[in-house]
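Notes for the structure review
The lines below spell out each chain.
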Amino acid sequence: MKTERIIHLLIAGLITFGLEASVQADTDTQSRNLFETAGEKQVGADFKPAPDTIETNFGTLNFDLEAFPTEETTRKIYDELDLQRATQAYMDFYPALSVYAIVKSQIRDFNFKTSSDIAVAAGPGWKPSEPFLTGNNSTVYAIASLDLKVDGPTVVDIPPGMYGTANDGLFKFLVDFGFVGPDKGKGGKYLFVPPGYQGEIPEGYFAIKSPSYRIWVMMRGFGEVGLGEQAVDWFRQNLKVYPLATGPRQANYANTTGAGINPLPAEDGSVFEMLNEIIQYEPTELFDPEQLGRLASLGIKKGKPFNPDARMQKILDQGARQGVAMSRAIVYASRDPDIKYWPERHWEKMFLHNTTFERDGVNDIDARTLWHYQAIVVSPNLLSTTPGQGTAYLTAFRDNKGEYLDGAVNYRLRIPANAPVKRFWAVTAYDPTTRGLLDAGGNTNRSIGSMDKPVANADGSVDIFFGPSAAPKGKENNWVRTNAGKGFFVVFRFYGPTEGYIEKTWVLDDFERVD
């Protein structure tokens, strides 16, 4: 035992020494003075060139006379170079593609005629036929598509007590409406101003300067809004969108629950046609010059036609699919050490660290993909740190054994008593292919939440059951049907999360298989 203790102490000492040495090395690197530490003199002969034959995952590359690529090697290199750029472009521009797909699909599939038209998810929420990324069926939504190039400065006039968010053409946060926005829950008129606008801003508006022409607006309704046609009429009476120049105008308000829409970016080469439409329409200043350079090498350049030949089209198809594959890995098999909300559970964060995807002056590109490939809308209030305000979301892709959730298997999810929410909680099943609501058959999907008054156990905990066939006896109100032919994942929503969630003193159980 004494020897074992000595060994443990030695190991601990070595680990501590290693950590201290690493910190010291980082500090030395950050303050390194090259005039004092550039090293010993070198000459041209010290340069070590790459060999004239290089093995890669896309074949053997041969260079004549030590450095000149052969014709076959040149072809391989440019095919791979274009493929890498197409793959990265798919991931880098996915937020812009996502919001564009939503705006375009609302016009195309919901038959919007102007930005004044409002789609109301009055079901409440959506059905699987409206596969908005992790859209839900627990609350009523109203959504609009603004186009400041068409309408100029545009007014969004909201009633008191509204909740909502506006995002720009890169799916970046512009403003929140309601209690957490500048109107503080009193309602008011928000004026969205287009890029480069030089006109005067009239008094009495909350003015928001947008870097993009297209904007997506989402409102969430609770309580008095009601459901079905009552909700549609409520928004008709209380929510207005119109150009500043014209004032209120005729608008269509429709219940679009079950209406069907395809709001998803394509997952083949046609997605680059969508991307070209975005680049042609939006101001160049909206985008990073480095990213525009990547697109230009693929044939997408503002003011120029986009006509990929057969070779490039094949590369773009593959680039999109590889981007999808990488995005799936980032979402469903994250390698980030901070992904778990509770270290001992399989519940994962959707926003990894923050809602800007920037830390210490660096873009957290995997965190950006983690959110945007599985969800829509960006607002700081989706990552609540103030008890009782905003919302919080966690996802589960695996059961307590670390296996992916399978629609052919029966599971139990135990929700401990006293869930830390001011308003309510809800859990919803999703299709991992579309990231929209899981279709359990007949365009149906059932969320279960505290407002549904599920049967509780004696200790106040609640067991929610998931499976493809039938609910356990007496637990019909606690059962979510799955699809035996598909996997699934869930999102657990906390509306108004309180201290137990924020401080992690309340811990949600993992999924467990049941007979």
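Quick look at the structure, then. (Residues numbered from 1 in each chain as written. Predicted model: local features only at pLDDT ≥ 70, side-chain atom pairs only at ≥ 80, totals over all residues. Heavy atoms only, no water.)

So, about the packing of helix α4 (residues 94–109) against helix α7 (residues 271–281). Running from N to C, α4 and α7 cross one another at 85°; their axes reach a closest spacing of 10 Å. As the angle between them shows, α4 and α7 are arranged roughly perpendicular. Contact residues: α4 offers Ala-96, Leu-97, Tyr-100, Ala-101 and Lys-104, while α7 offers Val-271, Met-274, Leu-275, Glu-277 and Ile-278. (Axes fitted to C-alpha atoms, helices over the stretch in contact; angles between N-to-C directions. Helix = DSSP H or I, 4+ residues; strand = E, 2+ residues; numbered from the N terminus. Parallel < 35°, antiparallel > 145°, perpendicular 65-115°, else oblique. Contact = heavy atoms within 4.5 Å.)

What follows covers the packing of aromatic side chains. As enumerated under the stated definition, the model contains 34 aromatic pairs in all. With a centroid separation of 6.3 Å and 70° between ring planes, the pair formed by Phe-488 and Phe-511 is classed as edge-to-face. Remark: Phe-511 occurs in strand β24 (residues 511–513) and Phe-488 occurs in the loop between β22 (479–481) and β23 (489–497); sequence separation between them is 23 residues. As far as burial versus exposure is concerned, Phe-488 and Phe-511 are alike and both buried. Residues Phe-494 and Trp-506 carry aromatic rings whose centres are separated by 6.1 Å and whose planes lie at 85° to one another, so their mutual orientation is edge-to-face. Residue Phe-494 is found in strand β23, and its partner Trp-506 is found in the loop between α11 (499–502) and β24; the two are separated by 12 residues along the sequence. Assessed through its relative accessible area of 0%, Phe-494 is described here as buried. Taken together, the ring pairs connect Tyr-341, Trp-342, Trp-347, Tyr-411, Trp-425, Phe-466, Phe-488, Phe-492, Phe-494, Tyr-501, Trp-506 and Phe-511 into an aromatic cluster. Stacked on the ring of Tyr-341, the Lys or Arg Lys-504 has its end atom at 4.4 Å from the ring centre. (Phe/Tyr/Trp six-rings, centres within 6.5 Å; stacked < 30°, edge-to-face > 60°. Buried < 20%, exposed > 50% of the residue type's maximum accessible area, 1.4 Å probe, protein only. Lys NZ or Arg CZ within 6 Å of the ring centre and 35° of its normal.)

In this structure the tally under the stated criterion is 18 salt bridges. Measuring nitrogen to oxygen at the nearest pair gives 2.9 Å for the salt bridge that ties Arg-294 to Asp-92. With Arg-294 in helix α8 (residues 289–297) and Asp-92 in helix α3 (residues 71–92), the pair connects residues that are 202 residues apart, well separated along the chain. Overall, Asp-92 belongs to the buried group, its relative accessible area being 12%. (Salt bridge = Lys/Arg side-chain N within 4 Å of Asp/Glu carboxyl O.)

Turning our attention to the packing of helix α9 (residues 310–332) against helix α10 (residues 365–372). Between α9 and α10, the shortest axis-to-axis distance is 9 Å and the interhelical angle comes to 90°. Judged by the inter-axis angle, α9 sits roughly perpendicular to α10. Packed against α9, whose contacting residues are Ser-327, Ile-330 and Val-331, the element α10 presents Asp-366, Thr-369 and Leu-370 at the interface.

Turning our eyes to something else, we now look at α3. Here α3 contains 22 residues, and its C-alpha end-to-end distance of 31 Å stays within 8% of the 32 Å for a straight helix at 1.5 Å per residue. Within α3, the full set of buried residues consists of Thr-73, Lys-76, Glu-80, Asp-82, Leu-83, Ala-86, Thr-87, Ala-89, Tyr-90, Met-91 and Asp-92. (Expected span 1.5 Å × (residues − 1).)

Here we take up helix α6 (residues 228–238). Residues of α6 that are buried include every one of Gly-228, Ala-231, Val-232, Trp-234 and Phe-235, and no others. All buried residues of α6 project into a common sector of 160° when viewed along the axis, lining one side. Away from its buried face, by an angle of more than 90 degrees, α6 presents the exposed residues Glu-229, Gln-230 and Gln-237. Looking at the buried positions of α6, the neighbouring elements they touch are β4 (118–121), β5 (140–147), β11 (214–221) and β13 (253–255). (Arc of directions from axis to C-beta.)

The peptide bond linking Gly-123 to Pro-124 adopts the cis configuration, its omega dihedral lying at 10°. Residue placement: Pro-124 occurs in the loop between β4 and β5. Of note, Asp-360 is a non-glycine position whose phi angle comes to about 55°, a positive value. Summarising the element assignment, Asp-360 is placed in the loop between β15 (358–359) and β16 (362–363). Asp-360 gets classed as exposed once you look at its relative accessible area, which sits at 81%. If you check the backbone angles, Asn-418 has positive phi at about 60° while not being a glycine. Following the sequence through the fold, Asn-418 ends up in the loop between β18 (411–415) and β19 (421–430). Asn-418 sits in the exposed class, given a relative accessible area of 71%.

Moving on: the pairing of β4. In β4, alternate side chains face the same way, and those of Ile-118 and Val-120 on one face and Ala-119 and Ala-121 on the other are all buried. Alignment of β4 against β13, held across three bridges, turns out to be parallel. Within β13, the residue paired with Ile-118 across the bridge is Tyr-253. The pairing of β4 with β5 spans three bridges and is antiparallel. By the bridge assignment, Ala-119 is partnered in β5 with Ile-143. (Pairing = 2+ DSSP bridges.)

Burial analysis of β23 places nine of its nine residues in the buried class, the great majority of the element. Pairing of strand β17 (residues 391–396) with β23 involves six bridges; the strand directions are antiparallel. The residue of β23 that forms the bridge with Tyr-393 is Arg-493. Judged from the eight bridges that link them, β19 and β23 form a sheet pairing that is antiparallel. Its bridge partner being in β23, Thr-428 is matched across the sheet by Val-491.

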